[in-house]
Amino acid sequence: MDPDTESRNLDLIIRNGRIVTASEVLTLGVELGVKNGKIHCIGQSLKAGPETEVVDAQGAYITPGGVDSHVHIQQDNSPTGDTWETGSRSAIAGGNTTVIAFATQKRQEESIWTALEAYHGKATGNSYCDYGFHLILTNPSETVLEAELPRLVNEEGISSIKLYMTYEPMKLGDGDLFNIMMKARSLGITTMIHAENSDMIEQITKRLAKQGNTGTFFHSIARPQLAESEATYRAISLAEVTDAPILLVHMSAPEAVRHVREAQARLLPIHAETCPHYLYLLSDRLRSGPNDFEGAKSICAPPLRHDARDLEAIWMGLAAGTFTVVSSDHAPATFDHPCGKMKGLQMPEDTEGSGGSNGGKSQRARGDFRNVPNGLPGVETRLPLLFDRTFDPARPGGGADDDKIRIPLTRFVEVTSTNPAKLYGLGGRKGSLLPGHDADIVIWHPEEPPLVAVSEADGPPSSSSENEPRGKKKITITKSVLHHRIDYTPFEGIEVRNWPRWVFLRGRRVWDRDGGGVVGEKGDGVFLKRGKSTILTGQMRRTGIGMMKGEQAYWT
Ligand code: DUC
Ligand code: ZN
């Protein structure tokens, strides 16, 4: 077929935008051609046929659909969080076309299949975006390791597991971590690790409680940076001795990140992940007033850190290449619900005049951080928050001179789409705007002329009905513009410069910010059977520090 005829058969052409990949910002005029849900070609002056939809990006940046590789949706332990319907809807509205969520094996379950079946049941037919699962392994019995994990990766398309070093119902000791890493390494499974020193946290928490220090702010005191850095170092040591690749999830502590950087400098296969809340928010948000419980809205683990220099160190790690991915760790709990964040607020037995056992004296409701569910909503705000700090490396100056700018657009694409896809076995299919990949595409609002703040008279950003590009206006994050089912956002009031204007999932428009919002449907998303990771920091088969070459052979 001659190239012109082939072009005329395209389902969709996106013109007049600036395509961003993990390595380049392409010049204006390079176009995307889409056919049968896949990116078919990238070229100039692509020919439209009678059936071809043509979209004018009006000079805006075009990035791959976001791959949020760490989201908690409809887990058994989070009854007031998002359902698959609301969580994936929120994902799409924030520019994500793929999420990887979790299926949790309960400790008493001998097999992993019970959990997998249940979690598939929750998601099937209910997702707006494509999705996969990581398995949270809590009972690594011989059968699970020897018989079930090989089937998990080779038959079920689940090529990653998550292990906890803290949390009573899920935590694993060093022996289990060691044995699982050995197995994961031999199967090509990617192992995610939540690294915090459980005993340290438990002892500090007990002592805080003894002194009556249970208010929301004390959550950040109970989980010091040292708890994260010690556990991170231990996890890296286990990975080194077993020669297994690992990813440390949601890193927040600069000292812990330093361990990762040092390990990577020795070419160990260590990956790291951070999240927007560890780039934007500080522990002062955990303080509640005398008559409120606001601090609970910012309780997550690891906790928000105390000092602006901590945020800066995480930005620096991102700019310097230490982090492989930025995920949201979307783990919401409704604030105003007795089983949500309010679980940590003990109502007084008596109020003034009720004549209770305290003789009618008024008592305040008492906050107890120990009972507050950990986690923050963030799947919808991840991309806009990160995009806000980017510059265009292809433009002279590119905006990098602005004080708050931290990373090039190419790095943004790398850590939010391309790397998570490759790390979790979706390379070649998701995370890149290249021929053969799924046509998962985000078109942002045009950014020129230069950005100006929205004035009061302009009204809220979502209320504009005319189909005008709005990239020149800043957008304020508020709970009312988001699509999760949670009654707050921890990023309330933060201004960002842009937001995904249109989102395409496998070539179909599913988000149109000015023309109806979510225009895709529940059930559009399909389960992704994933292959093995195709990205590695460092090298495998290295000799651990202080070990003889081949020493492992004595015990493997
Ligand atoms: N911490 C976790 O370990 N999981 C979910 C949310 C959080 O904050
Ligand atoms: Zn998490």
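The sections below set out a description of the structure shown in this document.

What counts as what
Residues numbered from 1 in each chain as written. Chains lettered and ligands numbered in written order. Predicted model: local features only at pLDDT ≥ 70, side-chain atom pairs only at ≥ 80, totals over all residues. Heavy atoms only, no water. Pairing = 2+ DSSP bridges. Helix = DSSP H or I, 4+ residues; strand = E, 2+ residues; numbered from the N terminus. Axes fitted to C-alpha atoms, helices over the stretch in contact; angles between N-to-C directions. Donors = N, O, S within 2.8 Å, 3.2 Å for Na, K, Ca; no water. Near = heavy atom within 4 Å. Polar contact = N/O pair within 3.5 Å; in protein donor to acceptor, adjacent residues only side chain to side chain. Areas by Shrake-Rupley, 256 points an atom, 1.4 Å probe, with all protein chains shown as cover. Nonpolar A, V, L, I, M, F, W, Y, C, P; charged D, E, K, R; others polar. Buried < 20%, exposed > 50% of the residue type's maximum accessible area, 1.4 Å probe, protein only. Contact = heavy atoms within 4.5 Å. Expected span 1.5 Å × (residues − 1). Arc of directions from axis to C-beta. Core = buried A, V, L, I, M, F, W, Y, C linked by side-chain atoms within 4.5 Å. Right-handed = clockwise from strand over helix to strand, strands pointing away.

## Comments concerning the sheet that holds strand β4 (residues 38–43)
- Strand order in the open sheet made by the 4 strands is β4-β3-β1-β5, with mixed pairing throughout. Every interior strand has two partners, whereas the edge strands, β4 and β5 (53–56), have only one. Strand-to-strand twist in this sheet, taken as the mean axis angle between neighbours without regard to direction, amounts to 20°.
- Here 3 bridges tie strand β1 (residues 12–15) to strand β3 (residues 31–35), and the two strands are oriented antiparallel to one another. Residue Ile13 lies in a different strand from β3, and its bridge partner there is Gly33.

## Points about the coordination of the zinc ion (ligand 2)
- Within the protein, His70 (NE2), His72 (NE2) and Asp329 (OD) serve as the donor atoms for the zinc ion (ligand 2), at 2.0 to 2.2 Å.
- Sequence positions of the donors to the zinc ion (ligand 2) reduce to the motif H-x1-H-x256-D. You can see His70 sitting in the loop between β7 (66–68) and α2 (84–93) and its partner Asp329 sitting in the loop between β14 (325–326) and β15 (345–346), a full 259 residues away along the chain.

## Notes on the site of ligand 1
- With respect to spatial proximity, the complete set of residues near ligand 1 consists of His72, Tyr167, His194, His250, Cys300, Ala301, Asp329, Ala331, Asn374 and Gly375.
- In the model, a nitrogen atom of ligand 1 is placed 2.8 Å from a nitrogen or oxygen of the Ala301 main chain.
- Within the contact set of ligand 1, an oxygen atom lies 3.4 Å away from a backbone nitrogen or oxygen of Gly375.
- Protein chains shield 93% of the accessible area of ligand 1, which is 240 Å² for the free molecule.
- When grouped by side-chain class, the residues that make up the shell around ligand 1 number 4 nonpolar, 5 polar and 1 charged.

## Some thoughts on the environment of Leu10
- Looking at where Leu10 falls in the secondary structure, it is placed in the loop between α1 (3–8) and β1.
- Assessed through its relative accessible area of 1%, Leu10 is described here as buried.
- Considered as a pair, Leu10 and Ser252 are 242 residues apart in the sequence and their alpha carbons are 45 Å apart.
- Excluding residues within four positions of it along the chain, Leu10 makes contact with Gly33, Val34, Lys35, His40, Cys41, Leu46, Lys47 and Thr52.

## A closer look at helix α11 (residues 308–320)
- When the terminal C-alpha atoms of α11 are compared, their 18 Å separation across 13 residues agrees well with the 18 Å that a helix rising 1.5 Å per residue should span.
- Along α11, the residues that are buried comprise Asp310, Leu311, Ile314, Trp315, Gly317 and Leu318. Mapping the buried residues of α11 onto a view down its axis gives an arc of 155°, with all of them on the same face. Facing away from the buried side of α11 by over 90 degrees, the exposed positions are Arg309 and Ala320.
- Where α11 ends, the next residue or the one after it, Gly321, has phi of about 95°, a positive value.

## Things to note about the nonpolar core
- Residues Leu137, Leu149, Ile161 and Leu248 are the most contacted members of the largest nonpolar core, which totals 108 residues.
- With residues near it in sequence (within four places) discarded, Leu137 still touches Gln105, Ile112, Val144, Leu145, Leu149, Ile161, Lys162, Leu163, Leu172 and Ile180.
- The next biggest cluster of nonpolar side chains, apart from the first, holds 17 residues, and it includes Leu12, Val30, Val55 and Trp502.

## A short note on the sheet that holds strand β24 (residues 517–518)
- The sheet built from 6 strands is open, its strands ordered β2-β6-β19-β22-β23-β24 with mixed pairing. Each end of this open sheet is capped by a strand with a single partner; those strands are β2 (18–19) and β24.
- Pairing of strand β6 (residues 61–64) with strand β19 (residues 441–444) involves 3 bridges; the strand directions are antiparallel. By the bridge assignment for β19, Ile62 is matched with Ile443.
- α2 rests against β22 (500–505), β23 (508–512) and β24 of the sheet, and its axis sits at about 90° to β23.
- With respect to the sheet, helix α13 (residues 409–423) is in contact with β6 and β19, its orientation differing from that of β6 by roughly 30°.

## Observations concerning the pairing of strand β9 (residues 130–136)
- When you tally the buried positions in β9, you get 7 out of 7 residues, the bulk of the element.
- This β-α-β element, strand β8 (residues 96–104) to helix α3 (residues 113–123) to β9, shows right-handed connectivity.
- Inspection of the sheet shows β9 paired to strand β10 (residues 160–164) by 2 bridges, in the parallel sense. In the strand pairing of β10, Ile136 is matched with Lys162.
- A crossover connection joins β9 to the parallel β10 through helix α4 (residues 142–154); in handedness this β-α-β unit is right-handed.

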